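Structural overview for review
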Amino acid sequence: MASGSYQLWKQPNFLKLWASQTLNSFAQILLSVVVMLEVYRLTESVAGAASVFAFMSLSSFVSSLIVSRIIDNYQMKRIMQLVGWLRGILVIAIGVFLSIENTAGLILLFLLLSLYSFVGAWYQPARFAILPLLIPRDQYIKANGTLVMIQQLFMVAGWGMGGVLAALVPFPVIIVVIAIAFTISGTLVYLINIVEEDISVKKMKNRTPAWKEVWRIPVVRGITIMETFEGVSNAIWTSALLLAFTTVVLNAGEEWWGFINAGYFVGAILGSIIVTFNGKILQHKIGVMIGLSGISMGLLTILLSFTTTPLFAVLLCVLMGPMYQARDICQVALMQDAIPEDRRAGIMAARNAFLTPWNGIMVLVVGFAADIFSVQTIYLLAGIVYFAASLIAFKQKSLRNYEFKDPEEGKVLGGS
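Residues numbered from 1 in each chain as written. Predicted model: local features only at pLDDT ≥ 70, side-chain atom pairs only at ≥ 80, totals over all residues. Heavy atoms only, no water.

Focus on the overall build of the protein chain
- On a plain count of helices and strands, the protein chain comes out with 19 helices and zero strands.
- Put simply, the protein chain has 416 residues, and 50% of those count as buried.
- For the protein chain, restricting intrachain contacts to residue pairs at least 6 apart in sequence, the fraction spanning at least 24 positions comes to 85%.
- About 18,700 Å² of surface is accessible on the protein chain, with carbon and sulfur atoms providing 70% of the total. (Helix = DSSP H or I, 4+ residues; strand = E, 2+ residues; numbered from the N terminus. Buried < 20%, exposed > 50% of the residue type's maximum accessible area, 1.4 Å probe, protein only. Contact = heavy atoms within 4.5 Å. Areas by Shrake-Rupley, 256 points an atom, 1.4 Å probe, with all protein chains shown as cover.)

Concerning the nonpolar core
- Residues I94 and L334 are the most contacted members of the largest nonpolar core, which totals 84 residues.
- When residues in this core are grouped by element, the largest group, 11 residues, is from helix α2 (residues 12-43).
- If we skip the residues at most four places from it in the chain, I94 touches L31, V35, L109, L112, L113 and Y116.
- Residues V249, L300, L304 and M362 belong to the second largest nonpolar core, which totals 27 residues. (Core = buried A, V, L, I, M, F, W, Y, C linked by side-chain atoms within 4.5 Å.)

What to know about the confidence of the model for the protein chain
- Per-chain confidence: the protein chain averages 83 in pLDDT, with 88% of residues scoring 70 or above.
- Predicted confidence for residues 407-416 stays below pLDDT 50, and this span has 17 contacts to residues more than four positions away or in other chains. (pLDDT = per-residue confidence, 0-100.)

Some remarks on unusual backbone geometry
- Of note, the phi angle at N251 is positive, near 55°, even though the residue is not glycine.
- Note on placement: N251 falls in the loop between α12 (239-249) and α13 (254-277).
- The class for N251 is exposed, based on a relative accessible area of 66%.

Remarks on the pattern of salt bridges
- For the structure shown, the criterion picks out seven salt bridges.
- Between E213 and R216 there is a salt bridge; the shortest N-O distance is 2.5 Å. Here the residue E213 and the residue R216 both occupy positions in helix α10 (residues 210-216), the gap between them amounting to three residues, near one helical turn.
- One salt bridge connects E227 with R351, and the closest N-O pair in it is separated by 2.8 Å. Of the two residues, E227 sits in helix α11 (residues 218-234) while R351 sits in helix α17 (residues 344-372), which places them 124 residues apart along the sequence. The same class applies to E227 and to R351, which are both buried. (Salt bridge = Lys/Arg side-chain N within 4 Å of Asp/Glu carboxyl O.)

Observations concerning α12
- What α12 keeps buried is the set L241, L242, F245, T246 and V249. Looking down the long axis of α12, one finds its buried residues gathered within 140° of arc, a one-sided arrangement. When the buried face of α12 is taken as reference, the exposed residues oriented beyond 90 degrees from it are A240 and V248.
- Buried-residue contacts for α12 involve α13, α15 (286-306), α17 and α18 (375-395).
- A positive backbone phi angle near 55° is found at N251, which sits one or two residues after α12. (Arc of directions from axis to C-beta.)

Section: a nonpolar patch on the surface
- Taken together, I92, V96, I100, V176, I180 and I184 make up a surface patch of nonpolar side chains, about 450 Å² in accessible area.
- Broken down by secondary-structure element, the contributors of at least two residues to the nonpolar patch are α4 (76-98) and α8 (171-190).
- Ranked by residue count, the leading element in the nonpolar patch is α8, at three residues.
- Note that I100 resides in the loop between α4 and α5 (103-120).
- With relative accessibility at 31%, the residue I100 sits in the partly exposed group. (Patch = residues over 30% accessible without salt bridge, like charges linked within 9 Å, V, L, I, M, F, W, Y side chains within 5 Å.)

Some points on the packing of aromatic side chains
- Evaluated as defined, the whole model comprises eight aromatic pairs.
- Ring centres 4.5 Å apart and planes at 35° place the aromatic pair F245 and Y379 in the tilted group. Taken together, the residues span a long stretch of sequence, with F245 in helix α12 and Y379 in helix α18 at a distance of 134 residues.
- Measuring from ring centre to ring centre gives 5.8 Å for Y264 and F265, while their planes differ by 70°; the resulting arrangement is edge-to-face.
- Members of the aromatic cluster, each reached through a chain of ring pairs, are W237, F245 and Y379. (Phe/Tyr/Trp six-rings, centres within 6.5 Å; stacked < 30°, edge-to-face > 60°.)

Observations regarding the environment of A93
- Here A93 is to be found in helix α4.
- Counting along the chain gives 82 residues from A93 to I175, while the straight-line C-alpha distance between them is 9.5 Å.

Quick word on the packing of α11 against α17
- Where α11 meets α17, the axes come as close as 8 Å, and the angle between the chain directions of the two elements is 20°. One element, α11, and the other, α17, form an angle in the roughly parallel class. Remark: the crossing between α11 and α17 carries right-handed chirality. Every residue of α17 that contacts α11 at V220, I223, T224, E227, T228, G231 and V232 is listed here: I347, R351, F354, L355, W358, N359, M362 and V366.
- In terms of residue class, the contact of α11 with α17 is made up of nine nonpolar, four polar and two charged. (Axes fitted to C-alpha atoms, helices over the stretch in contact; angles between N-to-C directions. Parallel < 35°, antiparallel > 145°, perpendicular 65-115°, else oblique. Left-handed = near helix turned anticlockwise from the far one by under 90°. Nonpolar A, V, L, I, M, F, W, Y, C, P; charged D, E, K, R; others polar.)

Shown next, in the form of structure tokens:
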């Protein structure tokens, strides 16, 4: 009998979704690089380039608030294909306004980027919701692992690859390539063969708001609380704080800052591969796996805070990658299983609307704290918070005992 991973790759609908996600990730990274470089060239200001992401983040936040309220009334397939096509059109318009080198062009560019982010905020919740409709429950973890692996690969290579392309390929050509990638991404979703009744959702006037459902479903509530705590810890991995740790604590050059970043992403990719080929093992004790991953992240971060050897720091970051990536993939798969089919997209959007600004605020708070206390102290405290947050997975019975079961055996939803 073929392995689960092999069977996954034999499913046409999943292959189309995987290809769509791949093109989507490629186009997003490449557009971010090109826009940042062009805005920096036009404004000759780091703040000007950074403001691009501020505008886009604000727009995504506003969109997530709206999405969480209405996305469940629409078909996920239709949303994903329209997002791809609309972003293809918007990218062409962005390219046009990037070529207008005056203040008016810059203002219109920022408005278009905000619209691009607003539209894009619909994609991930819809993708989260449609995946369980395409594959059997016992392949959720494998499928999410492969999708995350693609994202991590582009995060590792995307910025460098984008910079090289921006230097070698004419700007208009890059814009057209990005637009085509988004358009094909939407078209691939359009070609997914899924029964209409499986994705249609009845509009309900008295439906409970999605943000209330986040706190009503026990396992979703537990994971969200864990991620809220970890928002404090995750802030230590911002470029500025990691650079300060490298130069102040490790007393090393900036090249080691790059090695540490690369080390974590290499570990994350390895983690995605491990999860993809061992998903069946993880799904039987998925709550325990999430807790153990959090504990390991806490212990490794505490060790990192005490190390003064750059090479050992890189090794620790490589070791962090697999466990943390495994935990993230398991959490996504668990929520896909636990959330009712007709509420998946809305609940995910509501979580994004809460966690995204929270994580941004924590970056600022931790940055200020690093100026008051030592950088080493901040990393030590972050490790402790990771460790404390992981205990939620063991303390909450519905999360600790959660497991995937075949429909005929009865699905464990994790009671109160």
